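# Observations on the model geometry
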Amino acid sequence: MTVYADNAATTKLSETALEKMLPFLKENYGNPSSLHTLGQKAKSDLENARETVANAINASFKEIYFTSGGSEADNQAIRTAASIGLRKGKNHIISSAFEHHAVLHTLTALKKEGFEITLVKVNDNGVINPKDIEKEITDKTCLVTIMTANNEIGTVQPVEEIGKICKKHGVLFHTDAVQAVGHIPVDVEKIGCDMLSASAHKFHGPKGVGFLYVRKGIILKNLIEGGAQERGKRAGTENLPAIIGMAAALKEAVDNLEENTKKVTEMRNILIDGLKGIERSRLNGDREKRLPGTVNMCFEGIEGESLLLLLDSKGICASSGSACTSGSLDPSHVLLAIGVPVEIAHGSLRLTVNEYNTKEEMEYIVKCVPEVVEHLRSFSPVWAKIKEEEK
Ligand SMILES: *Cc1c(COP(=O)(O)O)cnc(C)c1O
């Protein structure tokens, strides 16, 4: 059996999206900036896609800017807020230690440019307390950037409360909603955010495309200069096939959200209930305040990498955390941020499932993981030491 349980890294392209994309890879190859019929057809399809994307998050089409993905959207949002801040003499940004690296590394770059960065603590349950953010706001603060849902442990953040706090203090609020869009209800009015990032390949769209929602009145700072595409804020001929695919995938996800949530939550619970009995294991992140399909657990006395390789040999595709950090031997910055001790953080397993998975697959995972953990522990000196100390 082959089980793909790494949907936080990327998802399978939806058939609906693929079908919608194909004509744009064949006959509809016009450039939306061209004045002839083929170009104008492309332009109108581009704008229809923008409308579809806007509707999915309760925005206006004028507030949607297409990007190459979540990373670009995060970079552009933060750079925009930073430059607006500078013009007003504000150089302080608030974020958290468990953000995606697209956010954290942009903040590191800004720090080198003279910005002051405050990373608020994340509680042990993987949820941020909005009051911890409010405490840090000063008259120098120009931006709060907090993710809607974490990509490693799946915890959902109180973004609506954070939005209210930011509004009260006149501070811009950006949220990386890459893991949330298409998986839980996302409404920019309810959240009250000024900017929001999303990425198509996390909701069964194609790779290399995403979008940035920017509230009306905020003027984006360009990362890429050139032509007048995206109202002059993101130059380069639009990746129309991908944009069409993203819009189709997002509409499909939002139209089926309720049904998918029910099915996926059930599967997630099979995983949690089936694995929590493993000796010296822990579930990372709040049991309830989490994405429907994300499970992250630690098993003491083993290395996450060995666990992944053995699971892979049984046909299970999983992850030890973020795809971006795999290959490095450092433990996950997310697990460390929620207070998991370094030695335990090394033995982490992230399983991310969605509506393309089945209950049978969950049962297979629940059968395989304990076997593999037991096998690895049988020759682990760390486990032997733990057992010795128990005596
Ligand atoms: C995947 C991901 C990103 C990056 O998106 P790309 O489209 O791959 O650049 C950013 N933030 C979060 C939370 C993610 O999960």
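The paragraphs below set out a description of the structure included in this document. (Residues numbered from 1 in each chain as written. Predicted model: local features only at pLDDT ≥ 70, side-chain atom pairs only at ≥ 80, totals over all residues. Heavy atoms only, no water.)

### Regarding the overall build of the protein chain
Heads up, the rule is: Numbering of helices and strands runs from the N terminus, with a helix taken as a DSSP run of H or I at least four residues long and a strand as a DSSP run of E at least two residues long. Computation of the radius of gyration draws on C-alpha atoms, with the globule rule given as 2.2 Å multiplied by the number of residues to the power 0.38. Under the convention used here, a 1.4 Å probe and the Shrake-Rupley method define accessible areas, while residue burial counts only the protein chains that appear.
For the protein chain, the helix and strand inventory stands at 14 helices and 12 strands. Rg of the C-alpha trace for the protein chain: 22 Å, near the compact-globule value of 21 Å for 391 residues, within the 12% margin. Across its three principal axes, the protein chain shows a C-alpha extent of roughly 75 × 50 × 35 Å. By element, 54% of the accessible surface of the protein chain is carried by carbon and sulfur atoms, the whole surface being about 17,000 Å².

### Here's the deal with the packing of aromatic side chains
Aromatic rings in a pair are described by how distant their centres are and how their planes are angled relative to each other. We count it as follows: The pairing test for Phe, Tyr and Trp rings, Trp by its six-membered ring, is centres within 6.5 Å, and the orientation test on the planes gives stacked under 30 degrees, edge-to-face over 60, and tilted for anything in between. Sitting over a ring, as applied to charges here, requires NZ of Lys or CZ of Arg to be within 6 Å of the ring centre and within 35 degrees of the ring normal.
For the structure on display, the rule yields 0 aromatic pairs. Against the face of Y65 rests R231, its NZ or CZ located 4.6 Å from the ring centre. Sitting over the ring of W383, R377 keeps its end group 3.8 Å from the ring centre.

### Focus on the sheet that holds strand 3 (residues 92-96)
Counted only if it meets this: When DSSP finds at least two bridges between two strands, those strands are taken to pair. Axes here mean lines fitted to C-alpha atoms, for a helix over just the part in contact, with angles spanning 0 to 180 degrees between N-to-C directions. Contacts: residue pairs with any heavy atoms within 4.5 Å of one another.
Overall, mixed pairing links the 7 strands, which are arranged 2-8-7-6-5-3-4 in an open sheet. The two strands at the open ends of the sheet, each matched to only one other strand, are strand 2 (64-67) and strand 4 (116-120). In this sheet, neighbouring strand axes are inclined to one another by 20 degrees on average, regardless of whether the strands run parallel or antiparallel. Inspection of the sheet shows strand 7 (residues 195-199) paired to strand 8 (residues 210-214) by 5 bridges, in the antiparallel sense. Looking at the pairing, L196 lines up with Y213 of strand 8. Running over the sheet, helix 2 (residues 37-56) touches strand 2 and strand 8 and is turned about 110 degrees from strand 2. This element, helix 6 (residues 159-169), spans strand 5 (141-145) and strand 6 (172-176) of the sheet and lies at about 160 degrees to strand 6.

### Section: unusual backbone geometry
What counts, and what does not: Each residue is assigned to one of three classes by its accessible area relative to the maximum for its type, calculated with a 1.4 Å probe on protein chains only: buried under 20%, partly exposed between the two thresholds, exposed over 50%.
Not every positive phi belongs to a glycine, and H204 is a case in point at roughly 70 degrees. Relative to the elements of secondary structure, H204 occurs in the loop between strand 7 and strand 8. With relative accessibility at 4%, the residue H204 sits in the buried group. Of note, R231 is a non-glycine position whose phi angle comes to about 50 degrees, a positive value. You can see R231 is positioned in the loop between strand 8 and helix 8 (240-255). Since its relative accessible area comes to 39%, R231 is described here as partly exposed.

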